[in-house]
Amino acid sequence: MRSYPATRMRRLRANEFSRRLGRENNLTVDDLIYPVFVLEGSQQRESVTSMPGVERLSIDLLLEEAETWVTLGIPMVALFPVTPASAKSELAEESYNPEGLAQRAVRALKARFPELGVMTDVALDPFTTHGQDGIIDEQGYVLNDVTVDTLVKQALSHAQAGADVIAPSDMMDGRIGAIRACLESQGHVNTLIMAYSAKYASAFYGPFRDAVGSAGNLKGGNKFTYQMDPANSDEAIQEVALDLAEGADMVMVKPGMPYLDIVRRVKDELSVPTYVYQVSGEYAMLQAAAQNGWLDLNAVVLESLLGFKRAGANGILTYFAPMVAQLFQQQK
C-alpha cells in the first residue's frame, strides 16, 4: 500500500461528486419495509405512547394511509394485528380464523393496492392469554410441535387471504419446513417465507409489546427458552442455515443495531437475502433523544439505516419508513 503523501485519503472526500462516486453503499426507498399495527373497528386511530409518531389503525384508515405509502414507493408493509382481549385464548384459535383481523387486513390491502407487498407475522403471542409465542403446558413451558401445528394453520390462512410474504417470528424448531410443505401442498408455491431466523431474547422489544397489547399478558415473563441468547453468534448461523434448508426464501436478524455483526456473518457466510428489523426499542430511543434536542432525528435515522446496509442487509423493517421515503423524494 502506498503511503502519505502519495496517498491522501482526503482527496476523494474533498468534493461532493467524488464522495458520491466513491460511496460503497447506498440507501434507497427500495430497502424499506414498514411495520404497521392494525385495530378492529372503523375510524379508529390510537397512538402508541412508547413509540412517538406510531399509531394503531383500523382497516379503513390503514387503506387511507397506504395511499401515501404507495405513492412514496415503499415496496412492502408488515402487518401486526392488535387482538381484542375477548378473542385471546390458551390455544390461540383466533390466529387462524379466516375472518380474523390480520386476514381481513391482507384482503383489503391487496384488493386496493395489488402492487404493494404485504407481509404477515406468524406467531401466537398476539392471540394467547399468556403472551407467549406458543401453546404452553401446565408449567408454562412452550410446547414446540403443538405450536408448530397451529402456526401452519395460521400461515395457510394468511396465504389464502393473499399475503405475499409469510414471516414466522416465533422461533419454534421445524416450523419453516412444516409451513413450506403446507403451502406447497395447497398450491401457494410462490408465497415467500421470510424467516425470523436469528431472533434474540432482547430487551429492546418492550414498546412493540405495548403496541400489540401482549405486554400485560406476559406479566413479566420471558421468552428465553425459544428466542436466542444475546451472547451467541455461531448459533445464529446454525439457525439461519436450518431455516434455509427447510424452505425459507429470506432470513431476518432481529433486533438490528446491537446485532450488526450477525447481519454481516449471515451475509458473508451464507450469501442469502438477509433482512434486519430496526425494532421498537431502537425507534423509541432515537425519537426520545431527538425530542430532547440531543440528536438530529433525520441525520441519525439515515445513518442508522445506512449502517444496516453496510453490514450486508438487503432490506430493513423500520418504523421510520415513511419519514425516510419522504426525505428521499425531497432530495430529488
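Below is a summary of the structure that appears in this document. These numbers were taken from a predicted model, which means no experiment stands behind them.

**Details of the packing of aromatic side chains**
According to the stated counting rule, one finds ten aromatic pairs in the structure shown. An aromatic cluster is built from Phe37, Phe80, Phe208, Tyr277, Tyr283, Tyr319 and Phe320, whose rings are joined through pairwise contacts. Above the face of the Tyr205 ring, Lys254 is positioned so that its terminal group lies 4.8 Å from the ring centre. Of note, Lys254 hangs over the ring of Phe208, and the distance from its end group to the ring centre comes to 5.3 Å.

**Overview of helix α10 (residues 280-291)**
When the terminal C-alpha atoms of α10 are compared, their 16 Å separation across twelve residues agrees well with the 16 Å that a helix rising 1.5 Å per residue should span. In the core, the buried residues of α10 are packed alongside α6 (206-212), β9 (274-278) and α11 (297-311). Looking one or two residues past α10, Gly293 carries a phi angle of roughly 80°, positive in sign.

**Considerations on helix α9 (residues 260-270)**
Every buried residue belonging to α9 is among Ile262, Val263 and Val266, and all of these are buried. All buried residues of α9 lie within an arc of 105° about the axis, which places them on one face of the element. Buried-residue contacts for α9 involve β7 (192-199), α8 (234-246), β8 (250-254), β9 and α11. Once α9 finishes, Ser271 follows within two positions and takes phi at roughly 50°, a positive value.

**Notes on the pairing of β8**
Extensive coverage of β8 is indicated by the burial of five of its five residues. Both faces of β8 are covered, namely the face carrying Met250, Met252 and Lys254 and the face carrying Val251 and Val253. Across three bridges, β8 lies against β9 in parallel orientation. Counted as the bridge partner of Val251 is Thr274 from β9. In terms of handedness, the path from β8 via α9 over to β9 forms a crossover that is right-handed.

**Section: the nonpolar core**
Core analysis: the biggest nonpolar cluster contains 106 residues, and Phe37, Leu62, Leu79, Leu109, Met119, Met194 and Tyr277 have the highest contact counts within it. If we ignore the near neighbours within four places in the chain, the residues touching Tyr277 are Pro35, Phe80, Tyr196, Phe208, Met252, Val253, Lys254, Pro255, Gly256, Glu282, Leu317 and Tyr319.

**Overview of the pattern of salt bridges**
Two side chains carrying opposite charge are able to pair once their charged atoms lie near each other. Inspection of every chain in the model, using the stated rule, returns 17 salt bridges. For Glu16, the salt bridge is made with Arg19, and the minimal N-O distance between the two is 3.0 Å. Taken together, the residues Glu16 and Arg19, both in helix α1 (residues 16-21) and three residues apart, mark about one turn of the helix. Here Glu16 falls in the partly exposed class, since its relative accessible area comes to 45%. Across the pair Asp243 and Arg175 runs a salt bridge, and its minimum N-O distance is 3.3 Å. Separated by 68 residues along the polypeptide, Asp243 in helix α8 and Arg175 in helix α5 (residues 175-185) bring together distant segments of the chain. Like Asp243, the residue Arg175 is buried in the burial classification. Linked through salt bridges whose partners overlap, the residues forming this network are Arg45, Glu55 and Glu65.

**Quick notes on the environment of Asp249**
Take Asp249: it is sitting in the loop between α8 and β8. There is a polar contact of 2.6 Å between the side chain of Asp249 and the side chain of Arg180.

**Brief notes about unusual backbone geometry**
The residue after Tyr4, namely Pro5, is reached through a cis peptide bond having omega 10°. Mapped onto the fold, Pro5 is located in the segment before α1. A cis geometry characterises the amide bond from Lys254 onward to Pro255, with omega recorded as 0°. Here Pro255 is to be found in the loop between β8 and α9. Here the phi dihedral of Met171 falls at roughly 70°; this positive angle occurs in a residue that is not glycine.

**Quick look at the side chain of Asp125**
As for its position among the elements, Asp125 is in the loop between β5 (117-122) and α4 (144-161). When its relative accessible area of 6% is taken as the criterion, Asp125 is described as buried. Side chain to side chain, Asp125 and Lys223 meet in a polar contact 3.5 Å long.

**Let's talk about the pairing of strand β10 (residues 315-318)**
Side chains Gly315 and Leu317 of β10 all project onto a buried face; the interleaved residues Ile316 and Thr318 project onto the opposite face, where all are buried too. With two bridges joining them, strand β1 (residues 32-39) and β10 adopt parallel strand pairing. Within the sheet, the bridge partner assigned to Leu32 lies in β10 and is Ile316. Pairing analysis gives four bridges linking β9 to β10, with the strands arranged parallel. When the bridges of β10 are listed, Val276 appears paired with Ile316.

Rules behind the numbers
- Residues numbered from 1 in each chain as written.
- Predicted model: local features only at pLDDT ≥ 70, side-chain atom pairs only at ≥ 80, totals over all residues.
- Heavy atoms only, no water.
- Phe/Tyr/Trp six-rings, centres within 6.5 Å; stacked < 30°, edge-to-face > 60°.
- Lys NZ or Arg CZ within 6 Å of the ring centre and 35° of its normal.
- Helix = DSSP H or I, 4+ residues; strand = E, 2+ residues; numbered from the N terminus.
- Expected span 1.5 Å × (residues − 1).
- Contact = heavy atoms within 4.5 Å.
- Buried < 20%, exposed > 50% of the residue type's maximum accessible area, 1.4 Å probe, protein only.
- Arc of directions from axis to C-beta.
- Pairing = 2+ DSSP bridges.
- Right-handed = clockwise from strand over helix to strand, strands pointing away.
- Core = buried A, V, L, I, M, F, W, Y, C linked by side-chain atoms within 4.5 Å.
- Salt bridge = Lys/Arg side-chain N within 4 Å of Asp/Glu carboxyl O.
- Polar contact = N/O pair within 3.5 Å; in protein donor to acceptor, adjacent residues only side chain to side chain.

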